[in-house]
Amino acid sequence: MSENKREQIIEQRKKFLYPTKIAYYKNPLHLVKAKGSYVWDDQGKKYLDFIGGIICISVGHNHPAIKNKMKEMIDGDAIQHTTYLYLSEYMADFAEKLAKVAPGDLSKVYMTNSGSEANEMAVMTARAATGRQMVLSLRHGYHGGTNVPLGLCGHGTWKFEGQPQASVSHVQAPYCYRCPWGKERNTCNLECADEVQEVIDTTTDGNIAAFICEPILGVGGFIDAPVGYHKKVYDIVKRAGGMYISDEVQTGVGRTGKNFFAIADSEVVPDFITMAKGIGNGAPVGAVITKTEHADALKGKLHFNTFGGDPYQAMQAGKVIDIIKDENLIENAEKMGHYLKEGFMDLQKDFPIIGDIRGRGLLLGLELVLDAKSKNPNPEAASKLMETARSENILIGKGGLRGNVVRLAPSMAITKNECDELLIGLRRAFRNL
Ligand SMILES: Cc1ncc(COP(=O)(O)O)c(C=O)c1O
């Protein structure tokens, strides 16, 4: 594709899109083709994709099982759109498959178009079921760009003037690398979990509708709570009569390498799990799954979303579950995650600006700092690394409140050779900073 076309797109974006629609890279990338773990730009240049949109590619780009089913549906003039007011095998099949991989007695599904909508739905259901409004969320947490999720958001960078956040209290994050209590990961007393009780005691009447958190805080820079945190918080939330919402938009579908949903790693059965991104492998689909009695709280009222569970989206989400099982991708995520982590530890020896290596499975973050002692955030290095990695034909992401955490989340079908390609390229990218 010509340089003129690229410039035209950039010009159109400037003129016609909201200014919040920013692009990665000084010279924005125009991706036009994808297969497996790789993507190609408009000049035919191939990149190893270690971020998958933003953590959407779970089973690999253009997986043949999804592609073939899409072709079959298109060739057979399958209905493109039908709301839930008519029957659709795809939504029903997806709901059943999801209930089979969800922990405990979670079995009632509501399909949405996005993660934000899934969180809206979970909070709304929790409020209806408890008759209360107060929701607790984590600082550094992110739950989407619509009204309620933005109120829950723990990042000033994502909040606009006039953004309401009624009936929400924010709790300190379980951020071990920068522990607000100055404690160490394996020797602390889970002060971060006690903080939930403190916030309930000081900012609510003692009863809450819900507590929402990501098992690993994604946008926050892959902050992974210490062992025991979720269980302890779950008990506190239950004592306050609240519901536990696990936002698995980033951590879901087995990416953390043990269970289909990361909260199960902590032996907690939450009241709600919300998901999007990886569940559709890039298709615009989200969902919430909950217990029958919570879903029943909405009985007798009308609630509608036009596109949730549309045939093509629901088919793709169902296939994602099948592929993850058939190809043992959860095991692969765990194995490749360990392999990459070891590689990052080697890298850290040579590049001490890598202050912290964290995450689980194929949700891995490198927090970049000016030096290990001061731990001062180094967002400039993270931005530069995005560029130098691109020069090595590798796409990575970044996040964290200060923008100093490199995020790596490839397809769960990533191979050892592709991990080696990443490690070699990343080493060169760090060298060229
Ligand atoms: C943890 C988490 N929850 C919710 C969302 C919102 O999802 P969506 O952008 O599909 O609305 C995101 C998006 O990045 C997310 O990371």
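Rules and cut-offs
- By convention here, each chain's residues receive numbers from 1 onward along its written sequence.
- Confidence filtering applies because this is a predicted model: local features only for residues at pLDDT of at least 70, side-chain atom pairs given and counted only at 80 or more, and all residues used for totals across whole chains, interfaces and linings.
- A run of H or I in DSSP counts as a helix once it spans at least four residues, and a run of E counts as a strand once it spans at least two, with each numbered from the N terminus.
- The quantity called the radius of gyration is restricted to C-alpha atoms. Its globule counterpart is 2.2 Å times the number of residues to the power 0.38.
- Counting other C-beta atoms within 10 Å of a residue's own tells you its class, since 20 or more makes it buried, 12 or fewer makes it exposed, and anything in between is partly exposed; those C-beta atoms are placed from the backbone.
- Two residues qualify as being in contact provided that their C-beta atoms, derived from the backbone, are within 7 Å of each other.
- The pairing criterion is simple: DSSP has to find at least two bridges between the two strands.
- In this analysis a residue is considered near a molecule or strand if the C-beta atom, reconstructed from its backbone, is found within 6 Å of that molecule or strand.
- Residues are grouped as follows: Ala, Val, Leu, Ile, Met, Phe, Trp, Tyr, Cys and Pro are nonpolar; Asp, Glu, Lys and Arg are charged; all remaining types, including Gly, are polar.
- One fewer than the residue count of a helix, multiplied by 1.5 Å, yields its expected span.
- A fitted line through C-alpha atoms represents every axis, and for helices the fit uses only the stretch in contact; the resulting angles, taken between N-to-C directions, go from 0 to 180 degrees.
- With respect to orientation, any angle under 35 degrees is reported as roughly parallel, any angle over 145 as roughly antiparallel, any angle of 65 to 115 as roughly perpendicular, and every other angle as oblique.
- Helix crossings are classified by the rotation of the near helix relative to the far one: an anticlockwise turn of less than a right angle makes the crossing left-handed, while a clockwise turn makes it right-handed.

(A) Main features of the overall build of the chain. Along the backbone of the chain there are 13 helices and 17 strands. Over its C-alpha atoms the chain spans a radius of gyration of 21 Å, differing by no more than 12% from the 22 Å that the globule rule assigns to 433 residues. By its C-alpha atoms, the chain is 60 × 55 × 45 Å across when sized along the principal axes. The buried share of the chain, reckoned over its 433 residues, is 49%. For the chain, the proportion of contacts with a sequence separation of at least 24, taken over those separated by at least 6, is 75%.

(B) The sheet that holds strand 2 (residues 38-41), seen in detail. Spatially, the four strands line up as an open sheet ordered 1-2-3-15, and their pairing is mixed. The open sheet terminates on both sides in strands that have one partner only, identified here as strand 1 (31-35) and strand 15 (394-395). Alignment of strand 2 against strand 3 (residues 46-49), held across three bridges, turns out to be antiparallel. By the bridge assignment for strand 3, Tyr38 is matched with Leu48.

(C) Region of interest: the site of the ligand. Near the ligand, the surroundings consist of 17 residues, among which Ser114, Gly115, Ser116, Gly144 and Val249 are the closest. Ranked by residues supplied to the shell around the ligand, first place goes to helix 5 (residues 115-130) with three residues. Split by residue class, the shell around the ligand holds five nonpolar, 10 polar and two charged.

(D) Here's a closer look at helix 5. When the terminal C-alpha atoms of helix 5 are compared, their 22 Å separation across 16 residues agrees well with the 22 Å that a helix rising 1.5 Å per residue should span. In terms of residue burial, helix 5 counts as a mostly covered element, since 12 of its 16 residues are buried. Of the positions making up helix 5, those classed as buried are Gly115, Ser116, Glu117, Ala118, Asn119, Glu120, Met121, Ala122, Val123, Thr125, Ala126 and Ala129. Of the residues one or two after helix 5, Gly131 is the one with positive phi, at around 70°.

(E) View of the packing of helix 7 (residues 191-203) against helix 8 (residues 229-239). Where helix 7 meets helix 8, the axes come as close as 9 Å, and the angle between the chain directions of the two elements is 15°. What the angle tells us is that helix 7 and helix 8 run roughly parallel. Pair helix 7 / helix 8 crosses with right-handed handedness. Of the residues in helix 8, those in contact with Cys192, Ala193, Val196 and Gln197 of helix 7 are Tyr229, Lys232, Val233 and Ile236.

(F) Expanded view of the environment of Ser246. Along the chain, the position of Ser246 falls in strand 10 (residues 243-247). The class for Ser246 is buried, based on 29 C-beta atoms found within 10 Å. It is 6.8 Å that separates the C-alpha atoms of Ser246 and Ile263, two residues lying 17 residues apart in sequence. Excluding residues within four positions of it along the chain, Ser246 makes contact with Pro215, Phe261, Ile263, Pro270, Phe272 and Ile273.

(G) Layout of the packing of helix 12 (residues 379-391) against helix 13 (residues 416-431). Where helix 12 contacts helix 13, the two axes come as close as 8 Å, and the packing angle between them is 125°. Comparing the axis directions of helix 12 and helix 13 gives the class oblique. The crossing of helix 12 and helix 13 is right-handed. Contacts between helix 12 and helix 13 involve Leu385, Thr388 and Ala389 from the former and Gly425, Leu426, Ala429 and Phe430 from the latter.

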